[in-house]
Protein chains: 2
Amino acid sequence: MKIYDVIIIGAGPAGLTAAIYCGRAKLSTKLIEQSQPGGQVNLTEEVENFPGVFKTSSKNLIDIILKQVNDLDKVEMEEFKEVSDIKYDNNNFEVRGQSLDGKDFSSKSKALIIASGAQPKKLGLKGEEDFTGKGVSYCAVCDAPFFKDKDVVLIGGGDTAIDEALYLAKFARKVKVIHRRDALRASGILQERIKSNPQIELILDSVAVEILGKKTVEKIRVRNVKTNKETEVDCNGVFIFVGYSPNTKFLEGLLELNEEKYIITNEEMATAKKGIFACGDCRKRPFRQIVTACAEGAIAAHSAEQYLSQNNV
Amino acid sequence: MKIYDVIIIGAGPAGLTAAIYCGRAKLSTKLIEQSQPGGQVNLTEEVENFPGVFKTSSKNLIDIILKQVNDLDKVEMEEFKEVSDIKYDNNNFEVRGQSLDGKDFSSKSKALIIASGAQPKKLGLKGEEDFTGKGVSYCAVCDAPFFKDKDVVLIGGGDTAIDEALYLAKFARKVKVIHRRDALRASGILQERIKSNPQIELILDSVAVEILGKKTVEKIRVRNVKTNKETEVDCNGVFIFVGYSPNTKFLEGLLELNEEKYIITNEEMATAKKGIFACGDCRKRPFRQIVTACAEGAIAAHSAEQYLSQNNV
């Protein structure tokens, strides 16, 4: 079996940029993606805060980065392959998993770059799973246009949640924000914008209990955590923004993860295990943007290149 | 005097990206640049490893980022203004300096983002200053085309130096690399490429002593550090790659710097002094690329926004 210099797991902005830098460093590189390239960028429509790229569609941004990867003959990409586990043996990593048609695959490398990303957290509410795609959404930018002039409920209170509430208010008639505490956690400027927007209403000290409806969402049952009183709020949609879960299950037993299951690295993107680097949303990090994911991918590739040349593996 | 939310010092990739993120966060922002926007990007011709931007001129990349900044009405930019010192008084920072015509200026803000960059280190050789621009260069990509089919000497042994040697070899007839130790510090793959390139010759265990010539460089005197013997090497150009000096002199007394005068920050780009953030090449960091500078600018702006809203300054 061919032993690659580097296997990169995940083809979002972090993994794709790592591939550009690995390819340019003349490392033989395999990039494995569980679905299509792009990662969470695929959940948005437009990108206008990526420096150097003037307001463009998310698809276009990813297409350009993909072309940069594909122009490097050292990088092979495989899509729709999900990694299930990784073995370390004889100084090599063996990455194993299944492709979409259920067939097993296996690839070996001397170094690993984990860029497997994260996904929105689910609340586990009664009705949440049944109504996903039928009124329950985890991405305002993707789904807000479906709720034009309708009433929606949003669950969450951090910066992301409030950003999404402001976005939703451009489409929906009314956005009711349910938050379990007596004040939002979002930054002051976002809070001011929420308060000055007449379409947005806060339902504080409250938690969602159950999502109700026939074919699609019709209402949500909410409990006030101070009075324990339950009420039903009419709505056509429920948007849930309560954080992210990193895609790191396949690393259990191989790498130590923090209590939220994120990968810990140093500033060089090196994990505690020699030869394994991590970048992007699967890593504990302060600010989740496309440009920060890209930068981490570049650093991880540079560190992997240094590891390979200095350790002569 | 108007008090801005944020003053950003330096309009390279880090400072410009910080300006995009500050402007989008609705912070009143002043961006002060000592010469023209672009920073060290102006020292290169083409950029092809910036994700999302397919091979382009450095000028074009900076022009796009500038347009992104200028589209935000919250950001004012001032060029050709050099900062000389910063006072902290009454919870505000006062940034003072001189414009190109010698006039004093002064601006105040609640938070500061330092993105003042770095510049190539000089060796202090006899003849180095006199021949700068007349054969002595600190940027192969800028000046290599002037040395087509000529002989050049390169001083340095790290990754950057060796990268530049390989670049120079595309133009020059012969590239002689002078390095003070008995082996290069560059990574293995770069060393292999050096060794397999017949145009590149290593002069190890050696230091440059003096650059000689009439109107332009004609030769360089070199001393072997083991034998102390001096020899003269004919050459038309001398390229010097011995590291960078951060542009941080104006911060002395305000911020603690490391022994190489770089600014120390945490992962959120916060310095030890409340309200001051730093990003890009003026900061101690592992991998100096345009995309990593941009990412740090985004993080610094986000941290400044959080500082302003959480501290209610």
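Residues numbered from 1 in each chain as written. Chains lettered and ligands numbered in written order. Predicted model: local features only at pLDDT ≥ 70, side-chain atom pairs only at ≥ 80, totals over all residues. Heavy atoms only, no water.

### A word on the overall build of chain A
For step 1, the next point in the chain: Regarding its fold elements, chain A presents 6 helices and 19 strands.
For step 2, the next point in the chain: Here the C-alpha radius of gyration of chain A, 21 Å, is about what a compact globule of 313 residues would show, namely 20 Å.
For step 3, the next point in the chain: Here the C-alpha coordinates of chain A stretch approximately 65 × 40 × 35 Å along the principal axes.
For step 4, the next point in the chain: Relative to its full complement of 313 residues, chain A shows a buried share of 55%.
For step 5, the next point in the chain: Sequence-distant contacts in chain A: of pairs separated by 6 or more residues, those separated by 24 or more amount to 58%. (Helix = DSSP H or I, 4+ residues; strand = E, 2+ residues; numbered from the N terminus. Rg over C-alpha atoms; globule rule 2.2 N^0.38 Å. Buried < 20%, exposed > 50% of the residue type's maximum accessible area, 1.4 Å probe, protein only. Contact = heavy atoms within 4.5 Å.)

### Things to note about empty space enclosed by the protein
For step 1, the next point in the chain: All chains considered together, the criterion is met by 1 cavity of 30 Å³ or more.
For step 2, the next point in the chain: The volume enclosed by the largest cavity comes to roughly 210 Å³.
For step 3, the next point in the chain: Listing elements by their share of the lining of the largest cavity, those giving two or more residues are helix 6 (290-311) of chain A together with helix 6 (290-311) of chain B.
For step 4, the next point in the chain: Of the residues in the lining of the largest cavity, the class split is 9 nonpolar, 2 polar and 7 charged. (1 Å grid on protein atoms, 1.4 Å probe; cavity = no way out; pocket = protein on both sides within 12 Å on 5 of 7 lines; lining within 4 Å. Points joined across faces, edges and corners; volume = space filled by probe spheres on them. Nonpolar A, V, L, I, M, F, W, Y, C, P; charged D, E, K, R; others polar.)

### A closer look at the domain arrangement of chain A
As a measure of interface size, the accessible area lost when the parts come together is often cited.
Residues and elements named next belong to chain A.
For step 1, the next point in the chain: Looking at chain A, the domain boundaries give domain 1 (3-119 + 244-310) and domain 2 (122-240).
For step 2, the next point in the chain: If you average the C-alpha positions of domain 1 and of domain 2, the two centres end up 33 Å apart.
For step 3, the next point in the chain: Counting from both sides, the interface comprises 4 residues of domain 1 and, opposite them, 4 residues of domain 2.
For step 4, the next point in the chain: Taken over both partners, the interface formed by domain 1 and domain 2 buries close to 340 Å², and the fraction arising from carbon and sulfur atoms is 56%.
For step 5, the next point in the chain: Among the residues of domain 1 in contact with domain 2, Leu43, Glu45 and Tyr244 are the three that bury the most area, contributing 84% of the side total.
For step 6, the next point in the chain: Counting across the interface, domain 1 meets domain 2 through 0 salt bridges. (Domains from an automatic or database assignment. Buried area = accessible area lost by both parts, 1.4 Å probe. Salt bridge = Lys/Arg side-chain N within 4 Å of Asp/Glu carboxyl O.)

### Regarding the interface of chain B and chain A
For step 1, the next point in the chain: Residue-level contacts link 40 residues of chain B with 40 residues of chain A.
For step 2, the next point in the chain: Across the interface of chain B and chain A, roughly 3,700 Å² is buried in total on both sides, 63% from carbon and sulfur atoms.
For step 3, the next point in the chain: Interface area lost by chain B to chain A is led by B:Tyr21, B:Phe54 and B:Phe287, which between them contribute 16%.
For step 4, the next point in the chain: Among the salt bridges present, the one from A:Arg24 reaches B:Glu48, with a minimum N-O distance of 3.0 Å.
For step 5, the next point in the chain: On inspection of chain B and its partner chain A, the count reaches 14 residue pairs in polar contact (both at pLDDT 80 or more).
For step 6, the next point in the chain: Elements supplying a minimum of two residues to the side of chain B that touches chain A: helix 1 (13-24), helix 2 (58-70), helix 5 (188-195) and helix 6 of chain B. (Polar contact = N/O pair within 3.5 Å; in protein donor to acceptor, adjacent residues only side chain to side chain.)

### So, the relation of the copies chain B and chain A
For step 1, the next point in the chain: Superposing chain B onto chain A takes a rotation of 180 degrees plus a shift of 0.0 Å along the axis, which leaves an RMSD of 0.1 Å. Here the transformation between the copies is reduced to the relation of a two-fold axis. When C-alpha positions in chain B are compared against the rotation axis, the closest is assigned to B:Ala295, at 3.0 Å.
For step 2, the next point in the chain: An overlap of 100% is found between the interface residues of chain B and their copies at the interface of chain A, pointing to a shared contact surface. (Least-squares fit on C-alpha atoms with pLDDT ≥ 70 in both.)

### Considering helix 1 (residues 13-24) of chain A
Residues and elements named next belong to chain A.
For step 1, the next point in the chain: In this model helix 1 runs 17 Å from its N-terminal to its C-terminal C-alpha over 12 residues, within 8% of the 16 Å that 1.5 Å per residue would give.
For step 2, the next point in the chain: Of all 12 residues in helix 1, 11 are buried; the element is thus mostly enclosed.
For step 3, the next point in the chain: Those residues of helix 1 that fall on the buried side of the exposure criterion are Pro13, Ala14, Gly15, Leu16, Thr17, Ala18, Ala19, Ile20, Tyr21, Cys22 and Gly23.
For step 4, the next point in the chain: A positive phi of about 65 degrees marks lysine 26, the residue just after helix 1. (Expected span 1.5 Å × (residues − 1).)

### Quick notes on the packing of helix 1 of chain A against helix 2 (residues 58-70) of chain A
Residue and element names in this part refer to chain A.
For step 1, the next point in the chain: Close contact between helix 1 and helix 2 brings their axes to 9 Å; oriented N to C, the two are set at 30 degrees. With respect to helix 2, the axis of helix 1 lies roughly parallel. When the axes of helix 1 and helix 2 are compared, the crossing they make is left-handed. Residues Leu16, Ala19 and Ile20 of helix 1 pack against Ile62, Ile65, Leu66, Gln68 and Val69 of helix 2.
For step 2, the next point in the chain: Grouping the amino acids of the contact of helix 1 with helix 2 by side-chain chemistry returns 7 nonpolar, 1 polar and no charged. (Axes fitted to C-alpha atoms, helices over the stretch in contact; angles between N-to-C directions. Parallel < 35°, antiparallel > 145°, perpendicular 65-115°, else oblique. Left-handed = near helix turned anticlockwise from the far one by under 90°.)

### Thoughts on the sheet that holds strand 16 (residues 230-234) of chain A
All names here are of chain A.
For step 1, the next point in the chain: Read from one edge of the open sheet, 3 strands run 14-15-16, paired in antiparallel fashion. Since the sheet does not close on itself, it has two edges, and those belong to strand 14 (206-213) and strand 16, each with one partner. Neighbour-to-neighbour, the strand axes of this sheet turn through a mean angle of 30 degrees, independent of strand direction.
For step 2, the next point in the chain: In the sheet, strand 14 pairs with strand 15 (residues 217-224) via 7 bridges, with the strands oriented antiparallel. By the bridge assignment, isoleucine 211 is partnered in strand 15 with isoleucine 220. (Pairing = 2+ DSSP bridges.)

### Structural notes on the confidence of the model for chain A
For step 1, the next point in the chain: Mean pLDDT for chain A: 92, with 99% of residues reaching 70 or above.
For step 2, the next point in the chain: Scored as a complex, the prediction yields pTM 0.83 and ipTM 0.82. (pLDDT = per-residue confidence, 0-100.)

### Quick notes on the nonpolar core
For step 1, the next point in the chain: Ranked by internal contacts, the top residues of the largest apolar core, which has 85 residues, are A:Val6, A:Phe50, A:Ile113, B:Val6, B:Phe50 and B:Ile113.
For step 2, the next point in the chain: Setting aside residues up to four positions removed in sequence, A:Ile113 forms contacts with A:Val6, A:Ile7, A:Ile8, A:Ile9, A:Ala18, A:Cys22, A:Phe277, A:Cys279, A:Ala300, A:Ala301 and A:Ala304. (Core = buried A, V, L, I, M, F, W, Y, C linked by side-chain atoms within 4.5 Å.)

### Comments concerning the packing of aromatic side chains
Pairs of aromatic rings are described using the distance from one ring centre to the other and the angle between the two planes.
For step 1, the next point in the chain: Tallied over the full model, the rule gives 13 aromatic pairs over all chains.
For step 2, the next point in the chain: Between B:Phe277 and B:Tyr307, the aromatic rings sit 6.0 Å apart at their centres with planes inclined by 65 degrees, giving edge-to-face as the arrangement. One end of the pair, B:Phe277, is in strand 19 (residues 276-278); the other, B:Tyr307, is in helix 6, with 30 residues separating them in the sequence.
For step 3, the next point in the chain: Of the residues examined, B:Phe277 reaches a relative accessible area of 5% and is grouped as buried.
For step 4, the next point in the chain: Every member of this aromatic cluster is reached through a ring pair, and the members are A:Phe147, A:Phe239 and A:Phe241.
For step 5, the next point in the chain: Across the ring face of A:Tyr138, the terminal group of A:Lys122 is positioned such that the distance to the ring centre comes to 4.8 Å. (Phe/Tyr/Trp six-rings, centres within 6.5 Å; stacked < 30°, edge-to-face > 60°. Lys NZ or Arg CZ within 6 Å of the ring centre and 35° of its normal.)

### Concerning the pairing of strand 13 (residues 200-203) of chain A
Residue and element names in this part refer to chain A.
For step 1, the next point in the chain: Bridge analysis of strand 12 (residues 174-178) against strand 13 gives 4 bridges, and the strand direction is parallel. Each residue of the ladder has a partner; that of valine 175, found in strand 13, is isoleucine 200.
For step 2, the next point in the chain: Running through helix 5 (residues 188-195), the crossover from strand 12 to the neighbouring parallel element strand 13 is right-handed. (Right-handed = clockwise from strand over helix to strand, strands pointing away.)

### Quick look at the environment of A:Phe50
For step 1, the next point in the chain: By the secondary structure assignment, A:Phe50 is in the loop between strand 3 (46-47) and strand 4 (56-57).
For step 2, the next point in the chain: Here the alpha-carbon distance between A:Phe50 and A:Ile290, two residues 240 residues apart in the chain, equals 7.0 Å.
For step 3, the next point in the chain: If near-sequence neighbours (up to four positions away) are discounted, A:Phe50 is found in contact with A:Leu61, A:Ile290, A:Val291, A:Cys294, B:Phe50, B:Pro51 and B:Gln68.

### What about the pattern of salt bridges?
For step 1, the next point in the chain: Using the criterion set out here, one finds 49 salt bridges over all chains in the structure.
For step 2, the next point in the chain: B:Asp71 serves as the salt-bridge partner of B:Lys67, at 3.7 Å between the closest nitrogen and oxygen.
For step 3, the next point in the chain: On the basis of relative accessible area, B:Lys67 is assigned to the partly exposed category, the value being 43%.
For step 4, the next point in the chain: Through salt bridges that share partners, A:Glu267, B:Asp281, B:Arg283, B:Arg285, B:Arg288 and B:Glu296 make up one connected network.

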